[in-house]
Amino acid sequence: MMKRNQLHTKNKNVETKFFTVNAEIELLPYLLQVLKKNSRNSVKSILTRGQVTVNGKMIKQHNHLLKAGQTVEILTNQAAMKVDSLVGIEIIYEDDDLIAINKNAGVLSVAAKNEEEMTAYKELKQYVKKENPRNNVFVVHRLDRDTSGVMLFSKSEEVKKQLQENWNEVVKERTYTALVEGVFRMKEGTISSWLKESKTYKVYSNTVDNGGQHAITHYKVLQNNQQFTLVEVKLETGRKNQIRVHMEDLGHPVVGDKKYGSTTNPLKRLGLHASAIALQHPKTGELIRFTAKVPANFKTKSK
C-alpha cells in the first residue's frame, strides 16, 4: 500500500515543489538551502512527515546523500493536509486528466444505499472541488466493496468515454493478487468459460456458450502453505465477479468469499486485491502503470 505522501503529481495546481540537485549534498542541509523561509524545525518536520521524495522515493533520513541530477519533490503543508483528509483511499497518481487511487477493502466504489455513506467517488469529488468548485471526477471502472487496490478515475466526461469505449485496446494489463483456499495442482494455467448472472445477482460459469459473456483468466501461484495459496491473476477479459467465479471453478475459492464457495475468512475480508493496471494515457499515448502493494496479511497467511 503506497503511503499518502508518496503522491506523484503532474497537476500544475497541486502545491508541490520540485528541485534539481546540482552537487552532492546531504538532504537536510539541501532542504534548508531551498526552503530558506522555513525554520530548521519546520524543515525537519517536513522530512519526518514524509513530504519529501527523491527521484520518486520517499526519504525521511536527514543525512541521506543526494547526488547531482536527482529530483527532490516537496509536498507543501497545504497540499499534504488536502491529501491527508481522504479516508479509505490513497492517491497514487494524479495529472490533469486522471487520478489513480488505492482503495481500501470495505469502501464502496460509487453508489451506496445509504446516501450518507462515503464512497471512493464521493471522497475524490470532494478532494478535487477543494482546488476548484467546478472540478469533477468520473468513474472509469469499479472494484467490489470488499476488493482493495488500484482504481481509476478521470477528470472529464470526455476522457472517461475515451477510456471506456476503447478499454480493451487501451488497457494493457490488469493484475490482481488473490488469497485462495487449498493447494493448486498446477502452478499456472488459464481458465476460459462463459459467465451469466442470475436473477439473484450470482454469476454462474459454463464451459460452453450459455448466452453469457466469454471470460478468460490467467493465474500463477506465488506461494502457499497447507491451507492457503497466494495467486497472481491476470485478466484477459473483465467480467463481473470473474476472478471469484473462476477461482471457485478451480476448487480454490477466494478466502472470505462465501457467495462463491469459501468456508474460511482468515483476513476478515475478501482475499482479493487489484495490484496493477497499465494503460495508454488518453491524451499523451504514453504507457503508464499504477501499482498498489499487496496487503501484508495476504502474504503471511500463505507462508
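Residues numbered from 1 in each chain as written. Predicted model: local features only at pLDDT ≥ 70, side-chain atom pairs only at ≥ 80, totals over all residues. Heavy atoms only, no water.

1. A word on the layout of surface pockets
And step 1. Of the pockets and cavities examined, the largest pocket occupies roughly 1,200 Å³.
And step 2. Lining of the largest pocket is provided by 37 residues; of these, Arg142, Arg174, Gly238, Arg239 and Lys240 occupy positions nearest its centre.
And step 3. Elements with a contribution of two residues or more to the lining of the largest pocket: helix 6 (167–170), strand 11 (171–181), strand 15 (228–235) and helix 7 (242–249).
And step 4. Among the residues making up the lining of the largest pocket, the classes are represented as 14 nonpolar, 10 polar and 13 charged. (1 Å grid on protein atoms, 1.4 Å probe; cavity = no way out; pocket = protein on both sides within 12 Å on 5 of 7 lines; lining within 4 Å. Points joined across faces, edges and corners; volume = space filled by probe spheres on them. Helix = DSSP H or I, 4+ residues; strand = E, 2+ residues; numbered from the N terminus. Nonpolar A, V, L, I, M, F, W, Y, C, P; charged D, E, K, R; others polar.)

2. Observations regarding the side chain of Thr119
And step 1. Within the fold, Thr119 resides in the loop between strand 8 (98–103) and helix 4 (120–131).
And step 2. Residue classification places Thr119 among the buried positions, given a relative accessible area of 0%.
And step 3. For Thr119, the side chain forms a polar contact with the main-chain oxygen of Val110, separated by 3.2 Å.
And step 4. Within the local environment of Thr119, its side chain forms a polar contact with the backbone nitrogen of Lys122, the two atoms lying 3.1 Å apart. (Buried < 20%, exposed > 50% of the residue type's maximum accessible area, 1.4 Å probe, protein only. Polar contact = N/O pair within 3.5 Å; in protein donor to acceptor, adjacent residues only side chain to side chain.)

3. Regarding empty space enclosed by the protein
Gaps left between atoms are located by rolling a probe of water-molecule size over the structure's atoms.
And step 1. Applying the stated criterion across every chain yields a total of 2 cavities of 30 Å³ or more.
And step 2. In this structure, the largest cavity spans a volume of roughly 40 Å³.
And step 3. As for the largest cavity, its lining consists of His141, Leu143, Val150, Arg174, Thr175, Tyr176, Ala274, Ala276 and Ile277.
And step 4. Elements supplying a minimum of two residues to the lining of the largest cavity: strand 11 and strand 16 (272–280).

4. Describing the packing of aromatic side chains
And step 1. Applying the stated criterion to the full structure yields 2 aromatic pairs.
And step 2. Aromatic pair Tyr93 and Phe290: ring centres 4.9 Å apart, planes at 40°, arrangement tilted. On the criterion of sequence distance, the pair formed by Tyr93 in strand 7 (residues 89–94) and Phe290 in strand 17 (residues 287–291) is long-range, its members being 197 residues apart.
And step 3. Accessibility expressed as a relative area gives 5% for Phe290, which makes it buried. (Phe/Tyr/Trp six-rings, centres within 6.5 Å; stacked < 30°, edge-to-face > 60°.)

5. Looking at the nonpolar core
And step 1. Residues Ile99, Ile101, Leu124, Tyr176, Val233 and Met247 are the most contacted members of the largest nonpolar core, which totals 32 residues.
And step 2. In terms of residue count, the dominant contributor to this core is helix 4 (4 residues).
And step 3. Each residue touching Val233, except ones within four places of it in the same chain, is listed here: Arg174, Thr175, Tyr176, Ala178, Thr217, His218, Tyr219, Ile243 and Met247.
And step 4. Ile92, Val171, Leu279 and Ala292 belong to the second largest nonpolar core, which has 17 residues in total. (Core = buried A, V, L, I, M, F, W, Y, C linked by side-chain atoms within 4.5 Å. Contact = heavy atoms within 4.5 Å.)

6. Some words on helix 7
And step 1. Extensive coverage of helix 7 is indicated by the burial of 6 of its 8 residues.
And step 2. Looking at helix 7, one finds that the buried residues are Gln242, Ile243, Arg244, Val245, His246 and Met247.
And step 3. Downstream of helix 7 by a residue or two, Gly251 has a phi angle that is positive, lying close to 85°.

7. Examining the pairing of strand 10 (residues 148–154)
And step 1. Of all 7 residues in strand 10, 7 are buried, a share of seventy percent or more.
And step 2. Across 6 bridges, the pairing between strand 8 and strand 10 is antiparallel. The residue of strand 10 that forms the bridge with Ile99 is Phe153.
And step 3. The sheet contact formed by strand 9 (residues 138–139) and strand 10 spans 2 bridges and is antiparallel. For Val139, the partnering residue across the bridge sits in strand 10 and is Phe153.
And step 4. Pairing between strand 10 and strand 16: 2 bridges, direction parallel. Its bridge partner lying in strand 16, Ser148 is registered against His273. (Pairing = 2+ DSSP bridges.)

8. Focus: the packing of helix 1 (residues 27–34) against helix 2 (residues 40–48)
And step 1. Where helix 1 meets helix 2, the axes come as close as 10 Å, and the angle between the chain directions of the two elements is 120°. Comparing their axes, helix 2 and helix 1 come out oblique. Regarding helix 1 and helix 2, the two cross each other, and that crossing is right-handed. Here Leu27, Leu28, Leu31 and Leu32 of helix 1 come into contact with helix 2, specifically with Arg40, Val43, Lys44 and Leu47.
And step 2. Split by residue class, the contact of helix 1 with helix 2 holds 6 nonpolar, no polar and 2 charged. (Axes fitted to C-alpha atoms, helices over the stretch in contact; angles between N-to-C directions. Parallel < 35°, antiparallel > 145°, perpendicular 65-115°, else oblique. Left-handed = near helix turned anticlockwise from the far one by under 90°.)

9. A closer look at helix 2
And step 1. Among the residues of helix 2, those classed as buried are Val43, Ile46 and Leu47. On an axial view of helix 2, the arc spanned by its buried residues comes to 100°, and they lie on one face. For helix 2, the exposed residues set more than 90 degrees away from the buried face come down to Asn41 and Thr48.
And step 2. Of the residues one or two after helix 2, Gly50 is the one with positive phi, at around 75°. (Arc of directions from axis to C-beta.)

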